[in-house]
Amino acid sequence: MGLPVTVFQSTDAGAPQIVEAKVSEVIEVLRKCLVDGYGSKPGLGWSVAFENPAAFKIIFRNSTADGSGGYCKVFSHDDTDSTVKITIDCGSGAIDADTLINPHGYRQFALEHFYQGNARLAFNWEVIGTSRAVWFIMYCHYQAYDKYYMNASSQQYQNNIFFGDIDSATPNDAGAFTLVNGYNSLVDYTSVSYSAKIGGVSGWFTNLYPTDLSSSDKVTHFAGGITRYLTNNIPGTANSLSMSHILTPMSISKTNKAYGQLDNTASPMGRGIVPGTYLSSLSAYSDQDVPVTENIGGSNYRLLRTYHTPCVWINLEEWYV
């Protein structure tokens, strides 16, 4: 049975706001969306496992009833609130606000960018998700404009990250909780390069431990493989171009078969899919202002702005179908 999706946006009545691009503001956004709720929208059913407010660190846990009970750590890398970087990591467990069990390798995301000497702060945000997983999106101003176009230049001013349970092909996958972004590495990543915080030049990636957590060895996987490069930007929509979308689930598979035998059941070549996330056969919308929503096959989808030509769509109604 699938899980219903809730869409939280900074434009909602009563929504928490990012005003100064501080870590504490981002933590509060996630707390409201995942746990507390705001306005007429209840939280997604996650909980706070550990917190150190003085050092701007918090660890969220997804639903133990619906999901794996995995842990997501959101924190300031230097324990201050003055930084314009937010750091996110995941694990199968946690000991305290500092320590994850089976960490996946943290990723840092910029909350501020400079264009011709002018700061562009990440003000607007979206959280799209369920009790098991979310897509967290932070928008920055597009260069000198207040628009958020889908085209290549503006793509550099957005943070996208998925964290939570993948939709695993292995029943009761104990290693299903992870994060997905654009950097291909098993280790912590301290840079805030835009190619690492959205869909990078080689696509999307995730690190995964064995399905039974039988070892501490994690393996980098493709999430959707290589998508289209930014030079293919096409203006217009499916309607204006008289074209249709063919959606393919964002599959998760090992980047290299040398990581293990094809019959390795604890770490299979094909691990599953990123829930509610699809690649479209149509790459367009480069002249559209975000957020872009389309009804495809009777369901509503949100288009992700990425380093590649926009072709990644998030289902806004139901995941884990």
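For the structure itself, look to the data block above.
Note on numbering: residues in each chain are counted from 1, in written sequence order. Side-chain atom pairs in this predicted model are given and counted only at pLDDT of 80 or more, local residue features only at pLDDT of at least 70, and totals for whole chains, interfaces and linings cover all residues. Only hydrogens and water are removed before side-chain values are computed, so all heavy atoms of the structure are retained for them.

Peer 1: I tried to follow the packing of aromatic side chains on my own but got confused; where do I start?
Peer 2: Aromatic ring pairs are described here by two measures, namely the spacing of the ring centres and the angle between the planes. Only rings of Phe, Tyr and Trp enter the pairing, Trp through its six-membered ring, and a pair is recorded when the two centres are within 6.5 Å. The plane angle decides the type: under 30 degrees is stacked, over 60 is edge-to-face, the rest tilted. Counted under the stated rule, the structure contains nine aromatic pairs. Arranged with centres 6.0 Å apart and planes meeting at 90 degrees, the rings of phenylalanine 75 and tyrosine 106 form a pair that is edge-to-face. Linking phenylalanine 75 in strand β5 (residues 71-75) with tyrosine 106 in the loop between β8 (100-101) and β9 (107-110), this pair joins segments that are 31 residues apart in sequence. Here phenylalanine 75 and tyrosine 106 have matching classes, each one buried. Summarising the aromatic geometry, the rings of tryptophan 135 and phenylalanine 162 are spaced 5.7 Å apart at their centres and angled 65 degrees between planes, so their arrangement reads as edge-to-face. Per the convention used, a helix needs a DSSP run of H or I reaching at least four residues, while a strand needs a run of E reaching at least two, with both numbered from the N terminus. The classification of residues rests on relative accessible area computed with a 1.4 Å probe and restricted to protein chains. Under 20% of the type maximum is buried, over 50% is exposed, and intermediate values are partly exposed.

Peer 1: Help me out: how do you make sense of the nonpolar core in this one?
Peer 2: With 34 residues, the main nonpolar core has Leu30, Val74, Trp125, Phe136 and Phe163 as its most contacted residues. Those elements giving two or more residues to this core turn out to be α1 (23-36), β4 (57-61), β5, β6 (85-91), β11 (118-129), β12 (133-140), β13 (158-165) and β15 (177-181). Element by element, the count of residues in this core is highest for α1, at seven residues. We call two residues in contact whenever any of their non-hydrogen atoms come within 4.5 Å of each other. With near-sequence residues (within four places) excluded, leucine 30 lies in contact with Val35, Phe60, Val74, Val127, Phe136 and Phe163. Side-chain atoms within 4.5 Å are what join buried Ala, Val, Leu, Ile, Met, Phe, Trp, Tyr and Cys residues into a set we call a nonpolar core. Core analysis: the second largest hydrophobic core is formed by 27 residues, Leu3, Ile166, Val274 and Leu316 among them.

Peer 1: Mind showing me how you'd approach the sheet that holds β6 here?
Peer 2: Strand pairing in a sheet is mediated by backbone hydrogen bonds. Such pairs are either parallel or antiparallel. If you trace the five strands from one edge of the open sheet to the other, you get β3-β4-β5-β6-β9, paired in antiparallel fashion. The sheet is open, and its two borders are formed by β3 (47-52) and β9, each paired with just one other strand. Here the average twist between neighbouring strands, direction ignored, is 20 degrees. In this scheme, strands are said to pair when DSSP sees at least two bridges between them. Across five bridges, β4 lies against β5 in antiparallel orientation. Axis definition: a line fitted to C-alpha atoms, limited for helices to the stretch in contact. Angles are taken between N-to-C directions and run from 0 to 180 degrees.

Peer 1: Before we go on, may I ask you to explain the pairing of β13 in this structure?
Peer 2: Side-chain positions along a regular strand alternate between the two faces of the sheet. Counting buried positions along β13 yields eight of eight residues, so the element is predominantly enclosed. Sheet analysis places β13 next to β15, joined by four bridges and oriented antiparallel. Among the inter-strand pairings, glycine 164 is bridged to a residue of β15, identified as threonine 178.

Peer 1: Looking at this structure, I do not really get the pairing of β4. What am I missing?
Peer 2: The buried fraction of β4 amounts to four of the five residues, a majority that puts the element mostly inside the structure. Relative to β4, β3 runs antiparallel, the two sharing five bridges. Across the sheet, residue glutamate 51 finds its bridge partner in β4, namely isoleucine 58. As consecutive antiparallel partners, β3 and β4 are separated by four residues, and within that stretch phenylalanine 56 has a phi angle of approximately 60 degrees, a positive value.

Peer 1: Explain the pattern of salt bridges here, please?
Peer 2: Opposite charge on two side chains permits pairing when their charged atoms draw close. Salt bridges are counted wherever a side-chain nitrogen of Lys or Arg sits within 4 Å of a carboxyl oxygen of Asp or Glu. Within the structure shown, the criterion is met by 10 salt bridges. With its nearest N and O atoms 3.4 Å apart, the salt bridge here joins lysine 57 to aspartate 79. You can see lysine 57 sitting in strand β4 and its partner aspartate 79 sitting in the loop between β5 and β6, a full 22 residues away along the chain. Residue lysine 57 is classed as buried on the basis of its relative accessible area of 12%. Taking the relative accessible area as the measure of exposure, aspartate 79 reaches 37% and is therefore partly exposed.

Peer 1: Sorry, what's going on with the side chain of aspartate 12 here?
Peer 2: Its place among the elements puts aspartate 12 in the loop between β2 (6-9) and α1. Relative accessible area serves as the criterion here: at 18%, aspartate 12 is assigned to the buried category. Within the structure, the side chain of aspartate 12 is placed 2.9 Å from the side chain of lysine 41, a separation counted as a polar contact. What qualifies as a polar contact is a pair of N or O atoms within 3.5 Å, subject to a donor-acceptor requirement within protein and to the restriction that residues adjacent in sequence count only when both atoms come from side chains.

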